[in-house]
Amino acid sequence: MRKIDIFDTTLRDGEQSAGINLNTAEKVEIAKQLERLGVTIIEAGFPASSPGDLEAVSLIAKTVKNSIVTGLARAVKSDIDAVWEAIRHAEQPHVHTFIATSPIHMEYKLKKNPDEVIEQAVTAVKYAKEKFSLVEFSAEDGFRSDKEFLVRICQEVIKAGATTINIPDTVGYASPQEYGALFRYLRENVIGAEKIKFSAHCHDDLGMAVANSMAAIENGADQVECTINGLGERAGNAALEEIGVALHIRKDFYGVETGLNLKEIKRTSQMVSRLTNVVIQPNKAVVGKNAFAHESGIHQDGVLKNPETYEIISPALIGEDDIPLVLGKHSGRAAFRDRAETMGFQLSDEKLNKAFAEFKKLADRKKEVTEEDLTTILTEQQVSI
Ligand code: KIV
Ligand code: ZN
């Protein structure tokens, strides 16, 4: 089965989220957990950006053994040197260097013409290749770049020694169809494409980061760049847990494997939420508090008869305990009886019906009925004559 590399950038792009600031010890703790999760590559930081980042990337590179560790570098020698200083002792030294390729970035941000940008990219990749065995080149704002220019720059950096080329949707502007088509186009038109891996890197400004990443995979991307809980610049990056679980659950459709140890998903998500102080929205796919919570009577009845009626992911897959059925005003008799029996109450049908009626009255007044409420209702019926 085709292997998709999972490139985790929680500690770099994820840390670029407004309000997040992780210290070195916290970064190492997260990196060790990402290693347990089985990610292929950990982007541990941007060493040239601060001495603290350099120190963290260096410590992570010394600590992590089963994932490749990389650092970000602009396409300039001093940034590449900073990554080298941090990870020179790694078994497979990897650097991630980038320069913007879209017209708006080249004209206003870089103030360079396309030929100058190609020259800078090639110089950086050649320089990196003298030190690192693995060199990833990113064409920043790749999705909004001219396709023919992308082909040119890809060909030049391949000749210079790049082993992976990343085409980011830096501002989250792509639609899945367009982003997928771009990967297909580059695969088919870049001379030397068969020698390198293509990578997708999506931002979520229009809520399509995961869908776009999946479209890239369908169209020949070998690697996806993502973050735990979808953290990242502005609206965030593609969420690792969603991509990992979707590729697993829909193996029939995507036909790829990632090497992720999905049982570590929940633990990783909780750890990142705790250390970054970013609360996970309750209805967040896969890791939200409500991702496995069934409330309506019809759904609860179905799940009690066969969980697969309404559950395409089993909580155990991601290392989550079984979630008790939520008891609220939409819940039905089946879920109520199930919970009463789990709590040790054996009531006749008549008493159970009375208790259920009491429960419904209470559920109309309260958002969620607690175990204490249930104990009170059920005990009253149990002792009543
Ligand atoms: O979004 C982006 O373009 C990036 C690059 C540095 C890869 O994060
Ligand atoms: Zn990014």
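Residues numbered from 1 in each chain as written. Chains lettered and ligands numbered in written order. Predicted model: local features only at pLDDT ≥ 70, side-chain atom pairs only at ≥ 80, totals over all residues.

Heads up, the condition is: UniProt positions are given in the numbering used here, feature names are shortened, and annotations may be inferred rather than shown by experiment.
Per an unreviewed UniProt entry, the protein chain goes by the name 2-isopropylmalate synthase and belongs to Solibacillus isronensis B3W22. In the Cofactor (unreviewed entry) part of its UniProt record, the protein chain is described as follows: "Mn(2+)". What UniProt records for the protein chain under Pathway (unreviewed entry) is the sentence "Amino-acid biosynthesis; L-leucine biosynthesis; L-leucine from 3-methyl-2-oxobutanoate: step 1/4."

1. Section: the overall build of the protein chain
Short version of the rule: A run of DSSP states H or I qualifies as a helix once it reaches four residues; a run of E qualifies as a strand once it reaches two. Both are numbered from the N-terminal end.
Counting its regular elements, the protein chain contains 15 helices and ten strands. Seen through its principal axes, the protein chain has C-alpha atoms that stretch 90 × 40 × 40 Å.

2. Some words on the site of ligand 1
Here is the rule we go by: As used in this record, a residue near a molecule or strand is one whose C-beta atom, placed from the backbone, is within 6 Å of it. Amino acids outside the nonpolar list (Ala, Val, Leu, Ile, Met, Phe, Trp, Tyr, Cys, Pro) and the charged list (Asp, Glu, Lys, Arg) are all regarded as polar, and Gly is one of them.
All residues in the neighbourhood of ligand 1 are listed as Asp13, Phe98, Ser138, Glu140, Asn166, Pro168, Thr170, His201 and His203. Counting only elements with at least two residues in the shell around ligand 1, the list comes to strand E6 (134–140) and strand E7 (164–169). Of the residues assigned to the shell around ligand 1, the class counts are two nonpolar, five polar and two charged.

3. Let's talk about the nonpolar core
Filter applied, for reference: As used throughout, a nonpolar core is a set of buried Ala, Val, Leu, Ile, Met, Phe, Trp, Tyr and Cys residues joined through C-beta atoms within 7 Å of each other. With C-beta atoms placed from the backbone, a residue is buried if 20 or more other C-beta atoms are within 10 Å of its own, exposed if 12 or fewer are, and partly exposed between those counts. Contact between residues is assigned whenever the C-beta positions, reconstructed from backbone atoms, fall within 7 Å.
One finds Ile42, Ala44, Ala121, Val157, Val224 and Ile243 to be the most contacted residues of the largest nonpolar core, which totals 93 residues. Filtering out sequence-adjacent residues up to four positions away, valine 224 remains in contact with Ile4, Ile6, Phe7, Ala200, Ser213, Ala216, Ile217, Ala238 and Ile243. Counting residues in each nonpolar core, the second largest holds eleven residues, with Ala335, Val369, Ile377 and Leu378 among its members.

4. Things to note about helix H15 (residues 371–383)
Stated formally: Each residue after the first adds 1.5 Å to the expected span of a helix. Taken from the helix axis, the directions to the C-beta atoms give the arc we talk about.
Taking 1.5 Å per residue as the helical rise, H15 with its 13 residues ought to reach 18 Å, and the 18 Å between its terminal C-alpha atoms agrees with that figure. Turning to H15, its buried residues number three or more, namely Leu374, Ile377, Leu378 and Gln381. The buried residues of H15 occupy one face: seen down the axis, they fall within an arc of 90°. Opposite the buried face of H15, at more than 90 degrees from it, the exposed residues are Glu372, Thr376, Thr379 and Val383. On its buried face, H15 sits against helix H13 (333–342) and helix H14 (349–365).

5. Observations regarding the UniProt feature "binding site: Mn(2+)" (unreviewed entry) in the protein chain
Here, UniProt's "binding site: Mn(2+)" (unreviewed entry) annotation points to Asp13, His201, His203 and Asn237. A maximum C-alpha distance of 10.4 Å places the annotated residues, which cover 225 residues in sequence, within one compact spot. With respect to the helices, strands and loops of the structure, aspartate 13 is situated in the loop between strand E2 (5–8) and helix H1 (24–37). Beyond its immediate chain neighbours, meaning those up to four positions away, aspartate 13 contacts Thr227, Gly232, Glu233 and Asn237. Of note, histidine 203 is situated in the loop between strand E8 (197–202) and helix H8 (209–218). Look past the residues within four positions of histidine 203 in its chain and what remains in contact with it is Asp169, Thr170, Val171, Gly172, Ala209, Gly232, Glu233, Arg234, Ala235 and Asn237.

6. Some words on the sheet that holds E7
Which entries qualify depends on this criterion: Pairing between two strands is assigned when DSSP locates at least 2 bridges connecting them. Only the contacting stretch of a helix is used when fitting its axis, a line to C-alpha atoms as for every element, and angles between N-to-C directions run 0 to 180 degrees.
Pairing is parallel in the closed barrel, where eight strands are placed in the order E2-E3-E4-E5-E6-E7-E8-E9. The average angle at which neighbouring strand axes cross in this sheet is 25°, direction not considered.

7. Observations concerning the packing of H14 against H15
To keep things clear, this is the line we draw: Two helices that cross are described as forming a left-handed crossing if the nearer one is turned anticlockwise from the farther one by less than a right angle, and a right-handed crossing if clockwise.
It is the contact of H14 with H15, at a shortest axis distance of 9 Å, that shows an interaxial angle of 145°. As H14 packs across H15, the resulting crossing turns out to be right-handed. Facing Lys351, Lys354, Ala355, Glu358, Phe359 and Leu362 of H14, the residues of H15 in contact are Asp373, Ile377, Leu378 and Gln381. Residues of the contact of H14 with H15, tallied by class, amount to five nonpolar, one polar and four charged.

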